[in-house]
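Secondary and tertiary structure notes
So the chains spell out like this:
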Amino acid sequence: VEKVDFKSKTKEITAIVESALDKNIPTGKNRLQQEVYEAMRYSLFAGGKRLRPVLAIATCEALGGNIEDVLPYACAFEMIHTYTLIMDDLPCMDDDDLRRGMPTCHKMFKESTAILAAMGLFNNAVMIMKNAILSKSPDKRDKFERAMSEIIDVTGAEGLIGGQIVDLASTKETTDKDTLHFIHHHKTGVFVTAPVRVGAIIADATEEQLEKLTEFSKNLGLAYQIQDDILNVIGDEAKLGKKVGSDEKQNKATFPSIYGLKESQEMVAEISKKSGDALDILGEKGEYLRQLTKYCANRDS
Ligand code: IPE
Ligand code: IPE
Ligand code: MG
Ligand code: MG
């Protein structure tokens, strides 16, 4: 089996992502709109784990693809993910003060600035993908356009936004299990699946590989959000960088509130195992993603 040092490999990939993100959002220094760029950069560089870009890059690499080609999409994922977190924390949504170990964007800046920063990040994500496509000669654009579609298709009311609106309307008394699965799939799952699919598409994956990797990432995404729910109950605020106990306080429909803590923990283990099994299609090349799956299942931050 190919030996992979999980920690140093993760560091290596995240360093590439950090530097690309930095290059792709201006500081706005001494310009009239400086405040919106400051807020965008504040939230983007507040210390996220960069899971989505790591997934896109690691998948692309495992299939022998070109990292430079997937990098703009990896950045787009992190920009959009960060925009959803800024929105998610607003007083009219989850009303959170702490994110990534720092005051939330609307606490650090004004609420109006936070909303504009979120939209600004979304726009930058679209621009970086548009530029990636236009940098290729017209006869070589197909897979790059397809990659952008994969992202745009899941950021709207059929994906992230759809998940968030149902999440906000749900309480633990009124939410059945199907609706809970709908919420988790849409608000989080699709945005774990899309990076893996984009990484695979950029690496010219076969349909069979794409199908197996979709299965891998669907399970990973579900386990990831169940673990997020669990950590909101038993996690450590200092490690998480966000408040614990907030779901309970707001009477949210979560896996622990609907299935109980113990069953939720068992589900994370079981679903993560399924996720890892689907990586068999990559053989030895799947070793890093296999370790990433284990890390996600056992994470405390
Ligand atoms: C938090 O995402 C919100 C969810 C969708 C679970 P992450 O756990 O990836 O948070 P960061 O990006 O590391 O801050
Ligand atoms: C966040 O879900 C999902 C999106 C931002 C799309 P949560 O509200 O459960 O995540 P945290 O716990 O605030 O990070
Ligand atoms: Mg939320
Ligand atoms: Mg939240």
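As shown above, the structure is provided for reference.
Read on for an overview of the structure. (Residues numbered from 1 in each chain as written. Chains lettered and ligands numbered in written order. Predicted model: local features only at pLDDT ≥ 70, side-chain atom pairs only at ≥ 80, totals over all residues. Heavy atoms only, no water.)

Some remarks on the site of ligand 1
Note the following rule: Put simply, a residue is near a molecule or strand once any heavy atom of it comes within 4 Å of that molecule or strand. Counted as a polar contact is a pair of N or O atoms within 3.5 Å, where, for protein atoms, one must be capable of donating a hydrogen and the other of accepting one, and residues adjacent in sequence contribute only when both atoms are in side chains. Here, Shrake-Rupley sampling with a 1.4 Å probe gives the accessible areas, and only protein chains in the shown set may cover a residue. The method works on a 1 Å grid over the protein atoms by themselves. A cavity is a set of points holding a 1.4 Å probe that cannot get out, a pocket is an open set with protein on both sides within 12 Å along at least five of seven lines, and residues with an atom within 4 Å of a point line them. Think of it this way: if more than half of a molecule's atoms are within 2 Å of a pocket's grid points, that molecule is in the pocket or cavity. A run of H or I in DSSP becomes a helix once it reaches four residues, and a run of E becomes a strand once it reaches two; helices and strands are each numbered from the N terminus. Under the convention adopted here, Pro, Cys and the residues Ala, Val, Leu, Ile, Met, Phe, Trp and Tyr are nonpolar, Asp, Glu, Lys and Arg are charged, and Gly plus all remaining residues are polar.
Around ligand 1 sit Gly48, Lys49, Arg52, His81, Leu85, Arg100, Thr188, Tyr224, Gln225, Asp228, Lys242 and Arg299, and that is every residue in its neighbourhood. A distance of 2.7 Å separates an oxygen atom of ligand 1 from a polar side-chain atom of His81. Look at ligand 1: alone it shows 390 Å² of surface, and the protein chains cover 90% of it. The site holding ligand 1 turns out to be the largest pocket. Those elements giving two or more residues to the shell around ligand 1 turn out to be helix 4 (67–89) and helix 10 (207–234). Ranked by residues supplied to the shell around ligand 1, first place goes to helix 10 with three residues. Partitioning the shell around ligand 1 into residue classes produces two nonpolar, four polar and six charged.

What to know about the packing of aromatic side chains
Basically, it comes down to this: Each aromatic pair joins two rings of Phe, Tyr and Trp (for Trp, the six-membered one) with centres within 6.5 Å, and gets the label stacked for planes under 30 degrees apart, edge-to-face for over 60, and tilted for any other angle. Burial classification: accessible surface area is computed with a 1.4 Å probe over protein chains only, and a residue below 20% of its type maximum counts as buried, one above 50% as exposed, and the rest as partly exposed.
A full pass over the atoms with the stated rule returns six aromatic pairs. Summarising the aromatic geometry, the rings of Tyr42 and Phe109 are spaced 5.6 Å apart at their centres and angled 75° between planes, so their arrangement reads as edge-to-face. Here Phe109 lies in the loop between helix 5 (105–108) and helix 6 (111–134) and Tyr42 lies in helix 2 (residues 34–44), a separation of 67 residues in the sequence. Phe109 matches Tyr42 in its accessibility class, with the two residues each being buried. Measuring from ring centre to ring centre gives 5.2 Å for Phe77 and Phe191, while their planes differ by 70°; the resulting arrangement is edge-to-face.

Observations concerning the layout of surface pockets
Cut-off, in case you're wondering: Grid points are joined across faces, edges and corners, and a volume is the space filled by probe spheres set on the points.
If you add up the space inside the largest pocket, you get close to 850 Å³. In terms of lining, the largest pocket is formed by 44 residues, of which the most central are Leu85, Asp88, Arg99, Asp228 and Lys242. Looking at the lining of the largest pocket residue by residue, the class counts come to nine nonpolar, 15 polar and 20 charged. Around the second largest pocket, the lining is made up of 14 residues, and of these Thr10, Thr14, Lys49, Arg50 and Tyr295 lie nearest the centre.

Purely spatial values, then, with no claim about function.
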